[in-house]
Amino acid sequence: MLHLNLDKYLIACPLIACTVLSSCNLTKEETRIYANDPMLITMGRTIYTECDSILNFNFPGSAIYANFSGTKVSMLARPGSGSFIYTLDGQEPKRVEFDENVREIILADSLEDKEHSIEIMYIIEGYEHNPGFAGLRLSPGAKLTKKHQLPDFKILYIGNSITCGYGIESDNPNEGFSYATENHYSTYAAITARNVNAQWHSISRSGIGVYRNYGDKREGSEVTMPIQFERTLFDNPNYQWNHSDYQPDLICLNLGTNDTSLDNYDVDKLRDAYVSFVGTLREEYPNSKILLLTGSMMNGKALDDAKTSLDFTLNHYTEKGDSLIYRFDFSPQGGDLGYGADWHPSKAQHARMAEELTEYIKTTVIN
């Protein structure tokens, strides 16, 4: 997590947290937990860009973990933040929405008065929402009890709309994009991480490519994943990510679907972009294993060209003595498990992808 010197911000904008407090009708008896409380644990690329009380992020999969006592817990967030999923005491996950009029949502009430655990995950792409976590509110006398322990094994996912969870909550392939049908929590990436007991960062965005974004000119796009990968917030170049803050054990690179979109691509540029980007990853993460993937949406010539480019990249670095790069291809979707919105993988397809990737990681990468 990236931190800044916030002294000047605390002087310049003291009203952000106060606005949240007053709007929630906080009473003196209730326990207010701010987002910067050291007992809270975060996962993903997060940053305090305004005031010390608001935690900012916009990559799907960013998460907050807490253990607390008491009988009630509410979540505070910036209005318009969008969609989260929370899991209380390991029970069935539930989705909540922060629209422009919502600053607080009661997640649980009338709980047994004992220690509880909660996981809160951002499940959509937040570049249009400006999401921010403002903390928790607990019942009178309640408190945070201990720090959550994230798994030691670390995965870094780098991907496009598939990894984001685009359309996963829809069963209509003719339906267009909607945040209501996006859900990173149910993706192959999140499921696989849970299967292998890993924490993870998901650096993913719909339409992104390694050299060419969806529908863009054959020569390539100006802002592709290698550029956005350097950012803490993928739409904001002012906050560059410090890669030393998260050194993954495994990197799963799943791009190429948008590069080959609409059959308007240069396979040589695709190959060269893969080689260059993997070189960047190796420079930033010298000890990480890198797994080069093809997604489940490609077929025909596009799939063949993506495989060829990835095979070339693997061989290029193997010949240079890098033995920590791997290759794996997801089974192309065939419709037997249905489709999500815009012909994206369905929830069942993501489950199959997770099963395939989990098996490969367990038997080949971390055996």
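Details of the structure are given in the entry above.
Here's a quick rundown of the structure. (Residues numbered from 1 in each chain as written. Predicted model: local features only at pLDDT ≥ 70, side-chain atom pairs only at ≥ 80, totals over all residues. Heavy atoms only, no water.)

Let's talk about the sheet that holds strand β11 (residues 153-159)
To summarise the sheet geometry, strands pair through backbone hydrogen bonds and adopt either a parallel or an antiparallel arrangement. We count it as follows: When DSSP finds at least two bridges between two strands, those strands are taken to pair. Helix numbers and strand numbers start at the N terminus; a helix is a DSSP run of H or I with at least 4 residues, a strand a run of E with at least 2. Here an angle of 0 to 180 degrees is reported between the N-to-C directions of two axes, which are lines fitted to C-alpha atoms, with helices fitted over the stretch in contact. In what follows, residue pairs with any heavy atoms lying within 4.5 Å of each other are defined as contacts.
Pairing in this open sheet of five strands is parallel, and the strands run β12-β11-β15-β16-β17 from one edge to the other. Pairing within the sheet leaves two strands with one partner each, and these edge strands are β12 (198-204) and β17 (325-329). Looking at each pair of strands side by side, their axes are set apart by 20° on average, direction ignored. As judged from the seven bridges shared by β11 and β12, these two strands associate in the parallel manner. When the sheet's bridge partners are listed, Ile 158 is paired in β12 with Ile 203. The strands touched by helix α8 (residues 347-365) within the sheet are β11, β15 (250-254), β16 (289-294) and β17, with β17 carrying the most contacts at an inclination of about 150°.

Some words on unusual backbone geometry
Our working definition: Residue exposure (1.4 Å probe, protein chains only): buried if accessible area is under 20% of the type maximum, exposed if over 50%, otherwise partly exposed.
Phi at Asp 89 takes a positive value of approximately 55°, unusual for a residue other than glycine. Assessed through its relative accessible area of 30%, Asp 89 is described here as partly exposed. Backbone geometry at Asn 197 places phi at a positive 55°, although glycine is not the residue there. Tracing the sequence through the fold places Asn 197 in the loop between α4 (188-195) and β12. Since its relative accessible area comes to 53%, Asn 197 is described here as exposed.

Quick look at the environment of Ile 191
Topologically, Ile 191 is positioned in helix α4. Judged by relative accessible area, Ile 191 falls into the partly exposed class, the value being 21%. Spatially, the C-alpha atom of Ile 191 lies 8.7 Å from that of Thr 358, the residues being 167 residues apart in sequence. Discounting chain neighbours no more than four positions away, the residues touching Ile 191 are Tyr 185, Ser 186, Ala 351 and Ala 354.

Some details on α4
Taken together, the buried positions of α4 are occupied by Tyr 188, Ala 189, Ala 190, Thr 192 and Ala 193. Residues of α4 that are buried make contact with β11, α3 (161-164), β12, β15 and α8. Just downstream of α4 lies Asn 197, where phi reads positive at about 55°.

Digging into the layout of surface pockets
Note the threshold: With a 1 Å grid spanning the protein atoms alone, the term cavity applies to any set of points in which a 1.4 Å probe fits but cannot get out, the term pocket to an open set with protein on both sides within 12 Å along at least five of seven lines, and the term lining residue to any residue with an atom within 4 Å of a point. Grid points are joined across faces, edges and corners, and a volume is the space filled by probe spheres set on the points. Ten residue types, Ala, Val, Leu, Ile, Met, Phe, Trp, Tyr, Cys and Pro, are classed as nonpolar, four, Asp, Glu, Lys and Arg, as charged, and the remainder, Gly among them, as polar.
Of the volumes computed, that of the largest pocket is approximately 440 Å³. When contributions to the lining of the largest pocket are tallied by element, the ones reaching two or more residues are α3 and α7 (300-319). In terms of residue class, the lining of the largest pocket is built from eight nonpolar, 10 polar and three charged. Lining the second largest pocket we find 20 residues, and of these Tyr 65, Glu 119, His 148, Pro 151 and Arg 194 sit closest to its centre. Within the residue set of the lining of the second largest pocket, elements represented by two or more residues are β4 (63-68), β9 (116-122), α4 and β12. Grouping the constituent residues of the lining of the second largest pocket by class yields 10 nonpolar, seven polar and three charged.

Focus on empty space enclosed by the protein
A complete count under the given rule lists one cavity of 30 Å³ or more for this structure. Here the largest cavity is characterised by a volume of approximately 30 Å³. Glu 30, Lys 72, Ser 74, Arg 137, Leu 138, Ser 139 and Pro 140 are the residues that line the largest cavity. Among the residues making up the lining of the largest cavity, the classes are represented as two nonpolar, two polar and three charged.

Overview of the sheet that holds β9
Pairing in this open sheet of five strands is antiparallel, and the strands run β2-β4-β9-β6-β7 from one edge to the other. Lying at the two open borders of the sheet, with one neighbouring strand each, are β2 (41-43) and β7 (94-98). This sheet shows a mean twist of 25° between the axes of neighbouring strands, independent of strand direction. Across six bridges, the pairing between β4 and β9 is antiparallel. Pairing of Ala 66 across the sheet is with Ile 118, part of β9.

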